[in-house]
Amino acid sequence: MHKNDFVRQLQTPGGSMRIRQALNLDYMLTGILMTLCAISLLVIYSAGGQSTLYVKRQLVFIVAGFVVMGLVAQFPPRVWERWAFLLYIAGIASLTAVLFVGVEINGAQRWLNLGFTRLQPSEFMKICVPLMIASYIAKNAIPPTFRHVVLAVLLIFLPVFLVIQQPDLGTAILISASGFFVLFLAGLKRSYLISAFVLALAALPSLWFFVMRDYQKQRVLTLLNPQQDKLGAGWNIIQSTTAIGSGGWSGKGWTKGTQSQLNFLPESHTDFIIAVLAEEFGLIGVLALCGLYLLLIGRCLFIGLNATSMFGRLIAGSIAFTLFIFIFVNLSMVSGILPVVGAPLPLISYGGTALMTLFVGFGILMSVAGDSKTR
Amino acid sequence: MNDDSTFIDLTRQHQIFVTRVIIACIVAIAMGIVIVARYFDLQITRHQDFVTQADNNRVHMRPASPSRGLIYDRNGNLLADNRPTYNLTIVRERSQDMDQLLVDLDHLIDISDNDITQFKKRLKRRKPYENTALKYNLSERERSILAVNSFRLAGAEVSARLTRHYPNGELFAHVIGYVGRINEEESQAIDTVRYSGTDSIGKIGIEKYYEDSLLGQVGNEHVETNARGRVMRVLSKVDPLAGDSLTLHLDRRLQAAAHAALKDHRAALVAIEVKSGGILAMVSTPSYDPNLFVSGISQVNYSALVQSRDRPLFNRAIRGQYPPGSTIKPIFGLIGLQNEDISAEHTIDDPGYFYLDGVERPWRDHNSKRGGHGKGVDLAEAIIESCDVYFYTMSVDTGIDVLADYSKQFGLGRITGLDFPGEQSGIMPSKEWKRQARGEPWFNGDTINASIGQGFMLATPLQLAVMSARLASRGKVLEPRLVKARNGVEKPAAEQSAVIDIDSEHWDYMHRAMRDVVHSPRGTANRIRKDIGYNMAGKTGTAQVISISADDEYDRDKINQRQWDHALFIAFAPVEDPQIAIGLIVENGEHGSSTAAPVARLVIDEYMKNQPDQQLGQR
């Protein structure tokens, strides 16, 4: 049993190396995460009008995140493989609950009120769904057969459907992406891939006519022509591109960004935080951040490639690419390539639930990494 | 399953995974390149555009209001100043939902429907991002309510502004006039840049005539604002230049004395400094409080002013045109002497009426009981006792055109050229005038009517005062002036003024006669001579409001008070070296001697009281 290994290792005298191994933490990953979290605090301080309110709260989230990550890392991948189904069921249950007793903010019902804090179950689905699919596919044939693919797709679309009802199209797309990556990495047949792509294209019009709400369509139209309604729908995107563009090479300096400091930038500490960073630290800052992300994703892939179990590989690989997609969607949305959807910038945006989900993911990654090392 | 196949299977699974990771990586790198290209495009290629846009967002140019020039009387008393007031203004672009904002504001402080109607009107005329006033003169309480709630009132702002104030209220309303909100018509005509810092403009009076000097020069400041339009800091500024301050010839003491004496009448008085032509007092009663107009007068107050039968808004001093009556006699007498139609020795017999050859109807002598002024009436007596028949007789000889010609030099029949808007010209009739205005030929009867300042003749109180001043100065033609100095610098007087061509002995004669109007027991204004410490010259006048047929007596009891005769009086003093000249009229005051003359005495007393003694004694 792994647990016995853990206890034995702790009890064996043999220096810090042993303890580090025993704690099962990947130090490179931890280092990158800490750097990103530090950057996050800096930018949030500036974006929040130089008040420490959000910084303090985010610091609590970060500390909690590292603790959660450490705890998750202590359980071997097998445990998570086994628990995946239960987590998935719990996730579906809470998503259903949101539809009935959720808290409505800004016209969307996404939150569950737990009394002391609000929880966004759809965020947790970003980790529950790939866990579920990875455990399901790893248990069965690789590459997945038709039957398994169909069932996996159904497993993906159940939570996606529920999230669309909130409505939260952005998160829904990200959840399906995270599930899809598992299938893709598991070696989904090319014919399936092509037909899925064709199906998706064919589904676009019906998505437009039947699924998308008016405000969502508006966001797509706004992307095409933001100048049409400068003070209304176009405001966010005009202000964010202005903030980014006015940053230049090296930016206006920390807390010196006029767009963010004078409140022209909406949601500057959450979804649009990259605009603050781009304005105050310039393209150099953006590239530095991208470099850190590259390291992070690279490390995740490295862990995936070295994983001993199929489940470990799939979950590590899908977390890596899901992370990439999150980053990509956020950076494109704020810079006006994609329509505005509610997608925070991983590890940088203010917000507890998203951060916690990410740390759970990194915890699982470490669990996978630790598993391969101890073998 | 043996170990080998499992191993091969596992290897194959791993290979599939590796291949897929590589494919995904390639796609991801491609997507990453798109992102980087996009940020490069925004931050480097189009950097300048966005810098401009960001600056346009935050930097706004605000006009800095110049403070309007102050107005003083000759002794440095403030007649118009500026006081800070606080107004609630709205920038429409910065309010998310303006109607909602108005509702929210109405919950906090009282905003009347009228405020909103006016506001919407102003909103149509404003430029983008311009402050539009919603409510003026916020109280301290309203200001603090708004300050506390400012965070949820995006677009609304309390702005301090200097507002015109007239400390003397109605006392100078007709002279100084007032400023008011720029209306639609005016906004078409003005230079919008010059007026970008103000929403007021001189509407009437000195405020209007000297608008250009009083306005000042607008400054500007570049300010950084946040997304809610709140000013964060001032980046640069060009200070505004205050308007010129004006010192008027007016003397508040004389103005107050005249106003106090006349305020219960419909009347007007103008006092002129003889040596300079400066207006010492200009009163028209009833008056009104000009402060009411500064921030927009309420409908109720405005209706009250407009509908009053006494017409308080009507500036009688310059726009009221009255028959000058007998006040015209001194200058006609002078003209007759100069034209040699009469002489100092010339006398007539006055039976109390006058017949013109070929006209059946006689002209009555209004200033004597039946029987007339008797035999041997000379010019002096005709002035002192105001004998009409003397002038009836003389005027037929002199002829209207000679009378008109000279009278114009005394200021009648044309605007005096006062630095003031809206002056009326009155009427000094002539043959030419009648042909053009009435399309009729001139009759001798018209001349006879004109000879006692009746008939077609009309003059404003200002013209009476100017005539009196020119009588006093022995024919020096000085244009009357209100403004004495700008920014403390006095305007040089005109080097050479025209002089009316009348011989010196005639002036002496007429000054003596006019002195006797006041000082002789037979003088029509003799009731004001009591305890007078100086020599005053004067001439009373009565102007008919309704015509009474020659056979009827004027009976005040039979006619409405508003149709009673107007009382007029002209005067100057001291006779030896005239300093002050006055023209005044009291509507329906009946007799110049009883209602008008005492007021002139009061004002001149006030003036003489403040003259240094030695100046009186000189010359």
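Residues numbered from 1 in each chain as written. Chains lettered and ligands numbered in written order. Predicted model: local features only at pLDDT ≥ 70, side-chain atom pairs only at ≥ 80, totals over all residues.

Trainee: Break down the overall build of chain B for me, with residues and values.
Mentor: When you go through chain B residue by residue, the secondary structure sums to 23 helices and 23 strands. The buried share of chain B, taken over its 619 residues, is 42%. Considering only contacts in chain B between residues 6 or more positions apart, those separated by 24 or more positions represent 73%. (Helix = DSSP H or I, 4+ residues; strand = E, 2+ residues; numbered from the N terminus. Buried ≥ 20, exposed ≤ 12 C-beta atoms within 10 Å, placed from the backbone. Contact = placed C-beta atoms within 7 Å.)

Trainee: I'd love a proper account of the overall build of chain A, names of residues and values included.
Mentor: If you tally the helices and strands in chain A, you get 15 helices and three strands. For chain A, the residues scored as buried account for 50% of the 375 residues in total. Of the contacts formed within chain A by residues at least 6 apart in sequence, a portion of 70% connects residues at least 24 apart.

Trainee: Provide a residue-level description of the interface of chain B and chain A, including the pertinent values.
Mentor: Contacts between the two partners involve 30 residues from chain B, matched on the other side by 35 residues from chain A. Counting only elements with at least two residues in the side of chain B that touches chain A, the list comes to α1 (3-45) and α2 (47-58) of chain B. With 17 residues, α1(B) is the largest single contributor of residues to the side of chain B that touches chain A. Grouping the amino acids of the side of chain B that touches chain A by side-chain chemistry returns 18 nonpolar, six polar and six charged. (Nonpolar A, V, L, I, M, F, W, Y, C, P; charged D, E, K, R; others polar.)

Trainee: Give a detailed account of the sheet that holds strand β23 (residues 580-586) of chain B, specifying residues and quantitative values.
Mentor: Within a sheet, each strand pairs with its neighbour through backbone hydrogen bonds, oriented either parallel or antiparallel. Residues and elements named next belong to chain B. Taken together, five strands build an open sheet; the order of strands is β12-β11-β23-β22-β21 and the sheet is antiparallel. Strands with a single pairing partner mark the edges of an open sheet, and in this sheet they are β12 (279-285) and β21 (537-543). If you compare each strand with its neighbour and ignore which way they point, the axes differ by 5° on average. For strand β11 (residues 267-273) and β23, the ladder comprises seven bridges, and the chain directions are antiparallel. Residue pairing across strands places E273 opposite I580, the latter belonging to β23. The strands touched by helix α20 (residues 461-472) are β11, β22 (566-573) and β23; relative to β23, the strand with the most contacts, the crossing angle is about 150°. (Pairing = 2+ DSSP bridges. Axes fitted to C-alpha atoms, helices over the stretch in contact; angles between N-to-C directions.)

Trainee: Lay out the nonpolar core with the relevant residues and their values.
Mentor: Ranked by internal contacts, the top residues of the largest apolar core, which has 121 residues, are B:L269, B:A271, B:A281, B:I582 and B:V603. It is α20(B) that provides the largest number of residues to this core, a total of eight residues. Counting contributing residues per domain, this core is built from domain 1 (60-248) and domain 2 (268-280 + 313-617) of chain B, each supplying no fewer than three. Once residues within four sequence positions are removed from consideration, B:A281 is found in contact with B:L250, B:D251, B:L254, B:Q255, B:A258, B:L269, B:V270, B:A271 and B:V603. In this structure, A:M69, A:I127, A:V360 and B:A54 belong to the second largest nonpolar core, which totals 119 residues. (Core = buried A, V, L, I, M, F, W, Y, C linked by C-beta atoms within 7 Å. Domains from an automatic or database assignment.)

Trainee: Give a detailed account of the sheet that holds strand β2 (residues 108-113) of chain A, specifying residues and quantitative values.
Mentor: Residues and elements named next belong to chain A. Taken in spatial order, the three strands of this open sheet run β1-β2-β3, and their pairing is antiparallel. The open sheet is flanked by β1 (103-105) and β3 (118-119), the only strands paired with a single partner. In the sheet, β1 pairs with β2 via three bridges, with the strands oriented antiparallel. Its bridge partner lying in β2, I105 is registered against A108.

Trainee: Describe the confidence of the model for chain A, listing the residues and the values that go with them.
Mentor: This prediction gives chain A a mean pLDDT of 85; 90% of its residues lie at or above 70. Mean pLDDT across the elements of chain A ranges from a minimum in helix α1 (residues 2-11) of chain A, with 52, to a maximum in helix α13 (residues 273-306) of chain A, with 95. (pLDDT = per-residue confidence, 0-100.)

Trainee: An account of the pairing of strand β13 (residues 347-350) of chain B is requested, with residue identities and associated values reported.
Mentor: All names here are of chain B. Burial of the side chains of β13 is restricted to one face: I348 and D350 are buried, whereas none of T347 and D349 on the reverse face is. Sheet topology places β13 next to strand β16 (residues 374-378); three bridges connect them, and they run antiparallel. In the sheet register, D350 faces β16, and the bridge partner there is G374.

Trainee: If you had to explain the environment of A:L301 to someone new, which residues and values would you point to?
Mentor: Turning to its location among the elements, A:L301 is positioned in helix α13. Taking the C-beta count within 10 Å as the criterion, A:L301 has 21 such neighbours and is therefore assigned buried. When sequence neighbours within four positions are dropped, the list of residues in contact with A:L301 reads A:G317, A:A320 and B:V21.

Trainee: Outline unusual backbone geometry, supporting the account with residue identities and numerical values.
Mentor: The linkage connecting B:T285 with the following residue, B:P286, adopts the cis geometry, with an omega of -5°. Residue position: B:P286 is located in the loop between β12 and α11 (291-294). Backbone torsion omega between B:A573 and B:P574 reads -20°, so that peptide bond is classified as cis. Counting through the fold element by element, B:P574 comes out in the loop between β22 and β23. Here A:L347, not a glycine, exhibits a phi torsion of approximately 70°, which is positive. Considering the arrangement of structural elements, one finds A:L347 in the loop between α14 (310-334) and α15 (352-374). Look at B:S386: it is not a glycine, yet its phi comes out positive at around 60°. With respect to the helices and strands, the residue B:S386 is situated in the loop between α15 (379-384) and α16 (388-398).

Trainee: Explain helix α8 (residues 169-185) of chain A to me, using residue names and the numbers behind them.
Mentor: Each full turn of the α-helix corresponds to 3.6 residues, which orients residues three or four apart in the same direction. Residue and element names in this part refer to chain A. With 17 residues, α8 should reach 24 Å at 1.5 Å per residue; the first-to-last C-alpha distance of 24 Å fits that figure. Burial analysis of α8 places 15 of its 17 residues in the buried class, the great majority of the element. Looking one or two residues beyond α8, the residue adopting positive phi is G187, at roughly 95°. (Expected span 1.5 Å × (residues − 1).)

Trainee: Give a description of the packing of helix α6 (residues 121-139) of chain A against α8(A) that names residues and reports values.
Mentor: All names here are of chain A. At a closest axis distance of 8 Å, the pairing of α6 and α8 adopts a crossing angle of 20°. Taken together, the axes of α6 and α8 lie roughly parallel to each other. Relative to α8, the crossing made by α6 is right-handed. When α6 is examined against α8, the residues S122, M125, K126, V129, P130, I133, A134 and I137 are found in contact with a partner set consisting of T171, L174, I175, S178, G179, F181, V182 and L183. Residues belonging to the contact of α6 with α8 are distributed by class as follows: 11 nonpolar, four polar and one charged. (Parallel < 35°, antiparallel > 145°, perpendicular 65-115°, else oblique. Left-handed = near helix turned anticlockwise from the far one by under 90°.)

Trainee: How would you explain the packing of α16(B) against helix α19 (residues 444-451) of chain B if you had to name every residue and give the values?
Mentor: Residue and element names in this part refer to chain B. Relative to each other, α16 and α19 sit at 130°, their axes nearing to 8 Å. In terms of orientation, α16 and α19 fall into the oblique class. As α16 packs across α19, the resulting crossing turns out to be right-handed. On α19, the residues touching F391, Y392, S395 and V396 of α16 are N444, T447, I448, A450 and S451. In the contact of α16 with α19, the residues fall into five nonpolar, four polar and no charged.

Trainee: Explain the confidence of the model for chain B to me, and be specific about the residues and the numbers.
Mentor: Residues and elements named next belong to chain B. Residues at a pLDDT of 70 or more form 93% of chain B, whose mean pLDDT is 87. Across residues 614-619 the pLDDT falls below 50, and counting only partners more than four positions away or on other chains, this stretch makes four contacts in the model. At the level of chain-chain contacts, confidence expressed as ipTM amounts to 0.90, with global pTM at 0.69.

Trainee: I'd like a description of the environment of A:I39, backed by residues and values.
Mentor: Residue and element names in this part refer to chain A. Among the secondary structure elements, I39 is positioned in helix α3 (residues 27-47). I39 sits in the partly exposed class, given 18 other C-beta atoms within 10 Å. Measuring from C-alpha to C-alpha, the distance between I39 and L289 comes to 8.7 Å, with 250 residues separating the pair along the chain. If we ignore the near neighbours within four places in the chain, the residues touching I39 are L289 and I348.

Trainee: Mind laying out the environment of B:L305, listing which residues take part and the relevant values?
Mentor: All names here are of chain B. The topology assignment puts L305 in helix α12 (residues 299-307). A sequence separation of 17 residues divides L305 from Y288, and the C-alpha atoms of the two residues are 7.9 Å apart. Sequence-distant contacts of L305, defined by excluding residues within four places in its chain, comprise Y288, P312 and L313.

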